[in-house]
Structure formats: C-alpha cells, structure tokens
Amino acid sequence: MPSSTSPLTETPLDDAALAASLDGGFTSHHADVNGTRLHYVEGGAGEPLVLLGGWPQTWWQWRKVLPALAARHRVIAVDLRGMGGSAKPAAGYDKKTLARDVHALLGRLGIASAHVVGHDIGAMVAYAFAANHPEATRRIALLDVSHPEESWARQTLLPRQGQRHKWWFAFNQVHGLPEQLLAGRFHLLLDWLFENAAADPGSVDAHARAVYARAYEAPEAVRAANDWYRTFTQDIADLAAYAPVTAPILALGGEYSNYESLVTAVPALGTDTRVVRVDSSGHYLPEERPEVVVEELTRFLG
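Right, let's walk through the structure included here. Just so we're clear, the structure is a prediction, and the values are computed from it rather than from any experiment. (Residues numbered from 1 in each chain as written. Predicted model: local features only at pLDDT ≥ 70, side-chain atom pairs only at ≥ 80, totals over all residues. Heavy atoms only, no water.)

On to the pattern of salt bridges. For the coordinates displayed, the defined rule picks out 16 salt bridges. For Asp227, the salt bridge is made with Arg230, and the minimal N-O distance between the two is 3.0 Å. Of this pair, Asp227 and Arg230 both sit in helix H9 (residues 219–230), separated by three residues, roughly a single helical turn. Each of the two residues, Asp227 as well as Arg230, counts as buried. Here Glu291 makes a salt bridge to Arg289, at a shortest N to O gap of 2.6 Å. Here the salt bridges do not stand alone but share partners, grouping Arg274, Glu295, Glu296 and Arg299 into one network. (Salt bridge = Lys/Arg side-chain N within 4 Å of Asp/Glu carboxyl O. Helix = DSSP H or I, 4+ residues; strand = E, 2+ residues; numbered from the N terminus. Buried < 20%, exposed > 50% of the residue type's maximum accessible area, 1.4 Å probe, protein only.)

Grouped together as the largest cluster of nonpolar side chains are 98 residues, with contacts concentrated most on Trp55 and Trp228. Sequence-distant contacts of Trp55, defined by excluding residues within four places in its chain, comprise Asp120, Ile121, Trp168, Asn172, Phe186, Leu189, Leu193, Tyr216, Ala225, Trp228 and Tyr229. (Core = buried A, V, L, I, M, F, W, Y, C linked by side-chain atoms within 4.5 Å. Contact = heavy atoms within 4.5 Å.)

Our next topic: the packing of aromatic side chains. Scanning all chains against the criterion turns up 15 aromatic pairs. Ring geometry for Trp167 against Trp192: centres 5.4 Å apart, planes inclined by 75°, an arrangement best described as edge-to-face. Residue Trp167 is found in the loop between strand E6 (137–143) and helix H5 (168–171), and its partner Trp192 is found in helix H7 (residues 186–197); the two are separated by 25 residues along the sequence. Assessed through its relative accessible area of 28%, Trp167 is described here as partly exposed. Overall, Trp192 belongs to the partly exposed group, its relative accessible area being 38%. Judged by centre distance (6.4 Å) and plane angle (65°), the ring pair of Trp168 and Phe169 falls under edge-to-face. Owing to a relative accessible area of 16%, Phe169 belongs among the buried residues under this scheme. Among the aromatic residues, ring-to-ring pairing joins Trp55, Trp152, Trp167, Trp168, Phe169, Phe171, Trp192, Tyr229 and Phe232 into one connected group. (Phe/Tyr/Trp six-rings, centres within 6.5 Å; stacked < 30°, edge-to-face > 60°.)

Turning next to the side chain of Glu42. Turning to its location among the elements, Glu42 is positioned in strand E2 (residues 36–44). The exposure class of Glu42 is buried, given its relative accessible area of 15%. Within polar-contact distance, the side chain of Glu42 engages the side chain of Arg74 at 2.4 Å. In this structure, Glu42 is in contact with Gly25, Phe26, Thr27, His29, Arg74, Val75 and Ile76, ignoring residues within four places of it in sequence. (Polar contact = N/O pair within 3.5 Å; in protein donor to acceptor, adjacent residues only side chain to side chain.)

A few words on the packing of helix H3 (residues 95–108) against helix H4 (residues 121–132). Packing of H3 against H4 brings their axes to within 8 Å, and their N-to-C directions diverge by 70°. With respect to their mutual orientation, H3 and H4 come out roughly perpendicular. Contact residues: H3 offers Lys95, Lys96, Leu98, Ala99, Val102, His103 and Leu106, while H4 offers Ile121, Met124, Val125, Ala128, Phe129 and Asn132. In terms of residue class, the contact of H3 with H4 is made up of nine nonpolar, two polar and two charged. (Axes fitted to C-alpha atoms, helices over the stretch in contact; angles between N-to-C directions. Parallel < 35°, antiparallel > 145°, perpendicular 65-115°, else oblique. Nonpolar A, V, L, I, M, F, W, Y, C, P; charged D, E, K, R; others polar.)

This brings us to H7. The end-to-end C-alpha separation of H7 is 16 Å, in line with the 16 Å expected for 12 residues at 1.5 Å each. Those residues of H7 lying buried are Phe186, His187, Leu189, Leu190, Asp191, Leu193, Phe194 and Ala197. Of the surrounding elements, those touching the buried residues of H7 are H5, helix H6 (177–182), helix H8 (206–216), H9 and helix H12 (285–288). (Expected span 1.5 Å × (residues − 1).)

Once that is clear, we can look at the sheet that holds E6. Here we have eight strands laid out as an open sheet, ordered E1-E2-E4-E3-E5-E6-E7-E8, and mixed in their pairing. This sheet does not close on itself; its edge strands, each paired only once, are strand E1 (27–33) and strand E8 (273–278). Across this sheet, the average inter-strand angle for adjacent strands is 20°, counted without regard to direction. With five bridges connecting them, strand E5 (residues 114–119) and E6 associate as parallel partners. Along E6, the bridge assignment pairs Val116 with Ile140. Each of strand E3 (47–52), E5, E6 and strand E7 (249–254) is contacted by H4, which is oriented at about 155° to E6, the strand it contacts most. (Pairing = 2+ DSSP bridges.)

All right, on to the packing of H7 against H8 then. Interaxial distance between H7 and H8 falls to 9 Å at its minimum, and their mutual angle equals 135°. In terms of orientation, H7 lies oblique with respect to H8. Viewed along their axes, H7 and H8 form a crossing whose handedness is right-handed. Mapping the contact onto sequence places Phe186, His187, Leu190, Asp191, Phe194 and Glu195 in H7 and Arg209, Tyr212, Ala213 and Tyr216 in H8. For the contact of H7 with H8, a count of residues per class yields six nonpolar, one polar and three charged. (Left-handed = near helix turned anticlockwise from the far one by under 90°.)

In structure tokens, the structure reads:
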C-alpha cells in the first residue's frame, strides 16, 4: 500500500515549490488577517473561487482539480487557521471564526464576493461563511461533510454493524495526549485513514501523504487540528442561530462515505440545495474522483 514514508525525490514538500509545480501559474502567499496569519495558494483568472480543505490534509488536497478550475476562475486555496503553512494560535477554531478569517482574507485581496467550496472541515467553514457573510457569498459547495448539527452530539462510541466508526471524533477531543502520541508519527494515522476512508487508497499517493505528514507532525500542529473538533459544541450552538442560507448550495457525497447523511442534512441548510452522489468514491473526493468534482463544480458555478 502507499506509504508516507516512501522515498520521495520527484517533488519537494514546501508550499512554494508545490504551487509552482502545478499548471496554471500558481503561487504561494501569506497574509495577516483577523489576528492570525493565513497561508494560501492562488492562480487563474475569472470569478473568485475559494477552496477550503480539511483534516488531515492541506491545500495540496486540491492539486488534481486546481489547474482545471483555474482555467475559469481566480482560485484561492486556503490553509485554515491551524493548517499547513497557516498560524496555529491558541484559540479561534470554531467555524464562525474560521469563516471570519477567510472573509478578512478576501477583503485583503480586494475581493467583494466569491464562490466558496469546502471539503471536510473546510465544508463546515464554507457553510459558516455563507451564513455569516451572505453579501460576500456567491455559491457554496460542500464536499462530503455538512456543518456540525445536533445529531452529531448523539454519536455513539460503540461501532454499529455496517456503519463507519468515526472514532477520531472522540480521540481529537482529548487534550494533551494526541500530540504526544502523534508527534513524529502522524504518517501512521494518515495511512490508516486513507486505507480505511478512501474507496481508492492509492489515489492519495506516497508523495501527498508525505506532504500531509510534514504539515501535522509537530505537536502544535496536532493540537491546532484537534481544536477544529473541540469546537463542535460551539458550532452546533451557532448553527441553531442561523437562518437557512439563500446562496445556492451543492453537496457532493462519496458513494462509500457520507452521501446518505448529506441527503438528510443538507436540505435544511438552505433555500436552494442539491445533493449529488459521487460514485466509486470514499471521503477524499478531490483526490479520488477529481474529474467528477471538476465536472460538477463547473456545471454548478457556471
């Protein structure tokens, strides 16, 4: 199976070189916004399109779709607060604050409104962005995850027959221990996740796994990523105060991942929603089925 510890010589691991390796003229940048420092990669021209990734990845998870999207859009792939090249402060990991970070970044870039696409944690932030900054939202797409809501608080610790057991939801709530266990060993968790949550584990190759391992192996990186999970209770409370968003919503769900749960959850989130099943895919849609993601986003964004 692919391993994040395999020899790597074909492509470097730093963000600037990774961005330069993509077609479309992508470049790596940092910006100080909303009391933190965000890393982002930008390329292309046209209507602004923001891409927000999730755990346990970085902006690099979009590498297979970035060139095609940049042919039509000014694409900004952002590392959230706590992710990759972005700062890892002690607080501010609720999805409303993360959305405020992104909104402030757009203001710094002179962008009044944008399409926002998120995967995993990034999908939660994309929805929070639309709920809190409607004037800056054109359309949003949620990839395989929706915003935390009340039913999440009732998830069982005991795995049920035929259902995927999301044990990391509980593990990432623990303070202090995950960073001790995973510092310098994060590749072991990455390999387990990709082997068990992807329909095609090989779609997340050894080089990509090394990029992600490098981003999360330091104790402060593990702690920051876990804080995205530790704020779920606040996120659920915030959602209760939101009205359904009016920006059009597209949700893409993996056939072997969260499609069914999106069918249940997404219609209540907005006034114009559509849920699409991505066949033969697990959780990591932009890496497992990039051609479908590009096709659906192109149709949706116009």
